[in-house]
Amino acid sequence: MHPRRAGRTAYHFRSFLLSAQTSAQPTFADLGLPAEIAAALAAGGVHNPFPIQAATLPDSLTGRDVLGRGRTGSGKTYAFLLPMVARLSTSGTARTPGRPRALILAPTRELVTQIEASLAPLAAATGLRSVNIFGGVGPNPQIAALQRGVDIVVACPGRLEDHVRSGHADLSAIEITVLDEADHMADLGFLPGVKRLLDRTPKHGQRLLFSATLDAGVDVLVKRYLHDPVVHSVDSAQSPVAEMVHHVLHVDSAARVNVVADLAAAPGRTIVFARTKHGAKSLTRQLNSRGISAVELHGNLSQNARTRNLTAFSDGSATVLVATDIAARGIPVDAVGLVVHADPPDEHKAYLHRSGRTARAGSDGTVV
């Protein structure tokens, strides 16, 4: 896709291309994954591991602690779900009320929901039970699920801490812990809560930490909680991105909304990033007034509204999602062809995570 003229607005651009080559990968069976889990993956159309999965599974399946670094969209969700499900399904440990056997911590509600969606068919195939735990919704269904007994908790740190303090969740039986998007949890100020939760898990349980970057806060977690970890880094030169084209547009401020609208009118799904919650709401309204089906995603929305808007974007009834940086992680939609930075991000990591919403899982993508 090349940027087009927006009415009579003229602008110029320069483009650069990021591409990667993939090499032949072993099968999941080659990596030692149990047959019933490989069959569940195949039933969902997943037949070959991504590089970060092929790199980490031989270690994680044997119980080693793993530190995995990979860009968003690199396939790390299965890199931690597969060894977790394999271990729990064969460990022989009984499921007991209030004492989950595995813990996944993630920074946002959307990412928790996305992880659960990937986990569901694997859990069904192996007889495991899980629960999502995050704020913005009533706690009672979560408490009821914990009291019935679950194998896996997928949680945001804050709400899980509430359940631990109230005695509804006991982490002393955790066999395997995953920290997903550890760098984003650090950016959001969640590390103190993460440490308090990890301190309640057994010291010698298996721990897997995945992060796009290894900043100081993440490094503290690695040194304090991972035991002799195997480090695997899958950077953009090895990730399964077929092609990501970046365009830089120079636009007068008065023409900005028209240019964004012109770009957002392109076929396929588009995510437009705004810096503030107010900006996202305003831009969504302006796009809708120009006949573009857009929905918003930001921190001022209720959980029901967030879910409703993500569903509209996922099922195609809205082709554009206007979001703050909260949506740079964990949107459960891979087929996004275009990312537009309507407001430039504050720093380079935000640019990488925003842009990483396109060109996922081997698909091409465009960033403006």
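Residues numbered from 1 in each chain as written. Predicted model: local features only at pLDDT ≥ 70, side-chain atom pairs only at ≥ 80, totals over all residues. Heavy atoms only, no water.

Student: Teacher, can you tell me more about the overall build of the protein here?
Tutor: For the protein, the helix and strand inventory stands at 13 helices and 14 strands. Considering the protein as a whole, with its 368 residues, one finds that 54% of them fall into the buried category. For the protein, the exposed area adds up to about 15300 Å²; of that, 53% sits on carbon and sulfur atoms. (Helix = DSSP H or I, 4+ residues; strand = E, 2+ residues; numbered from the N terminus. Buried < 20%, exposed > 50% of the residue type's maximum accessible area, 1.4 Å probe, protein only. Areas by Shrake-Rupley, 256 points an atom, 1.4 Å probe, with all protein chains shown as cover.)

Student: When you look at helix H8 (residues 191-198) in this model, what are you seeing that I'm missing?
Tutor: The α-helix advances 3.6 residues per turn, and as a result positions three or four apart in sequence lie on the same side. Those residues of H8 that fall on the buried side of the exposure criterion are Leu191, Gly193, Val194, Leu197 and Leu198. Looking straight down H8, one finds its buried side chains confined to an arc of 160°; they lie on one side. (Arc of directions from axis to C-beta.)

Student: Looking at this structure, I do not really get the packing of helix H10 (residues 256-264) against helix H11 (residues 277-289). What am I missing?
Tutor: Describing two packed helices takes the angle between their axes plus the distance from one axis to the other. Across the interface, H10 lies against H11 with an axial gap of 10 Å and an inter-helix angle of 65°. Taken together, the axis directions place H10 and H11 in an arrangement best described as roughly perpendicular. Two packed elements cross with a definite hand, and for H10 against H11 that hand is right-handed. For the pair H10 and H11, the contacting residues are Arg256, Val257, Val260 and Ala261 in the first and Leu283, Gln286 and Leu287 in the second. Residues of the contact of H10 with H11, tallied by class, amount to five nonpolar, one polar and one charged. (Axes fitted to C-alpha atoms, helices over the stretch in contact; angles between N-to-C directions. Parallel < 35°, antiparallel > 145°, perpendicular 65-115°, else oblique. Left-handed = near helix turned anticlockwise from the far one by under 90°. Contact = heavy atoms within 4.5 Å. Nonpolar A, V, L, I, M, F, W, Y, C, P; charged D, E, K, R; others polar.)

Student: Before we go on, may I ask you to explain the side chain of threonine 201 in this structure?
Tutor: With respect to the element layout, threonine 201 can be found in the loop between H8 and strand S7 (206-211). Take threonine 201: its relative accessible area is 5%, and that puts it in the buried class. If near-sequence neighbours (up to four positions away) are discounted, threonine 201 is found in contact with Leu103, Leu171, Ile174, Thr177 and Arg207.

Student: Just to check I follow, could you spell out unusual backbone geometry for this structure?
Tutor: With glycine set apart, most residues show a phi of negative sign, and most peptide bonds adopt trans. The residue glutamate 181 is not glycine, and still its phi comes out positive at about 55°. Take glutamate 181: its relative accessible area is 3%, and that puts it in the buried class. With a phi angle near 45°, aspartate 228 is a residue other than glycine that sits in the positive phi range. One can find aspartate 228 in the loop between helix H9 (216-225) and strand S8 (230-234). According to the relative accessible area criterion, aspartate 228 is exposed, its value standing at 61%.

Student: Which parts of the structure should I look at to understand the packing of aromatic side chains?
Tutor: A ring pair, where both rings are aromatic, is described by two values, the distance of the centres and the angle of the planes. The full count for this structure, using the stated rule, is one aromatic pair. Arranged with centres 5.7 Å apart and planes meeting at 50°, the rings of phenylalanine 80 and phenylalanine 210 form a pair that is tilted. Residue phenylalanine 80 is found in helix H3 (residues 76-90), and its partner phenylalanine 210 is found in strand S7; the two are separated by 130 residues along the sequence. Summarising the burial analysis for this pair, phenylalanine 80 and phenylalanine 210 share the class buried. (Phe/Tyr/Trp six-rings, centres within 6.5 Å; stacked < 30°, edge-to-face > 60°.)

Student: Before we go on, may I ask you to explain the side chain of threonine 56 in this structure?
Tutor: Looking at the element boundaries, threonine 56 is found in helix H2 (residues 51-60). Threonine 56 has contacts with Val66, Ala79, Phe210 and His232, leaving out every residue within four places of it along the chain.

Student: Is there a simple way to think about the pattern of salt bridges in this case?
Tutor: Pairs can form between side chains of opposite charge whenever their charged atoms are close. Applying the stated criterion across every chain yields a total of 18 salt bridges. In this structure, arginine 306 and glutamate 110 form a salt bridge, with 2.8 Å as the shortest nitrogen-oxygen distance. Here the residue arginine 306 occupies a position in helix H12 (residues 303-315), and glutamate 110 occupies one in helix H4 (residues 109-126), the gap between them amounting to 196 residues. The exposure classification of arginine 306 matches that of glutamate 110, with both residues buried. As a salt-bridge pair, arginine 256 and aspartate 343 come within 3.0 Å of each other at their nearest N and O atoms. Within this pair, whereas arginine 256 is found in helix H10, its partner aspartate 343 is found in the loop between strand S13 (336-341) and helix H13 (348-355), the two being separated by 87 residues in sequence. Take aspartate 343: its relative accessible area is 15%, and that puts it in the buried class. Salt bridges here are not isolated pairs; linked through shared partners, they connect Arg87, Arg95, Arg101, Asp151 and Glu175. (Salt bridge = Lys/Arg side-chain N within 4 Å of Asp/Glu carboxyl O.)

Student: It is not clear to me how the nonpolar core should be interpreted in this structure. Could you clarify?
Tutor: What tends to happen in soluble globular proteins is that the nonpolar side chains get buried as a cluster. Formed by 36 residues in total, the largest nonpolar core has its most connected members in Phe80, Leu82, Met84, Ile104, Ile115, Leu122 and Ile152. The set of elements that each furnish at least two residues to this core consists of helix H1 (35-43), H2, H3, strand S3 (102-105), H4, strand S5 (152-155), strand S6 (176-179) and S7. In terms of residue count, H3 provides more of this core than any other element does, eight residues in total. Residues within four places of leucine 122 in sequence aside, it is in contact with Ile37, Ala40, Leu41, Tyr78, Leu81, Leu82 and Val85. In this structure, Leu67, Val150, Ile174 and Leu197 belong to the second largest nonpolar core, which totals 28 residues. (Core = buried A, V, L, I, M, F, W, Y, C linked by side-chain atoms within 4.5 Å.)

Student: Got a minute to help me understand the pairing of S5 in this structure?
Tutor: Regular strands place their side chains on alternate faces of the sheet. Where burial is concerned, the two faces of S5 agree: the one with Ile152 and Val154 and the one with Val153 and Ala155 are both buried. By the bridge criterion, four bridges tie S3 to S5 in an arrangement that is parallel. Counterpart to leucine 105 in the pairing with S5 is alanine 155. Sheet topology note: the strand S4 (residues 130-133)/S5 ladder contains four bridges and is parallel. Residue pairing across strands places asparagine 132 opposite valine 154, the latter belonging to S5. (Pairing = 2+ DSSP bridges.)

Student: Hey, could you run me through the confidence of the model for the protein in this one?
Tutor: Any segment with low pLDDT has predicted coordinates that should not be analysed in fine detail. Across the protein, the average pLDDT comes to 85, with 87% of residues at 70 or higher. Overall, residues 1-23 carries pLDDT values under 50, and its contacts beyond four positions in sequence, including any with other chains, amount to 65 contacts. A low-confidence stretch, residues 236-241 stays under pLDDT 50, and its non-local contacts, those more than four residues away or across chains, total 21 contacts. (pLDDT = per-residue confidence, 0-100.)

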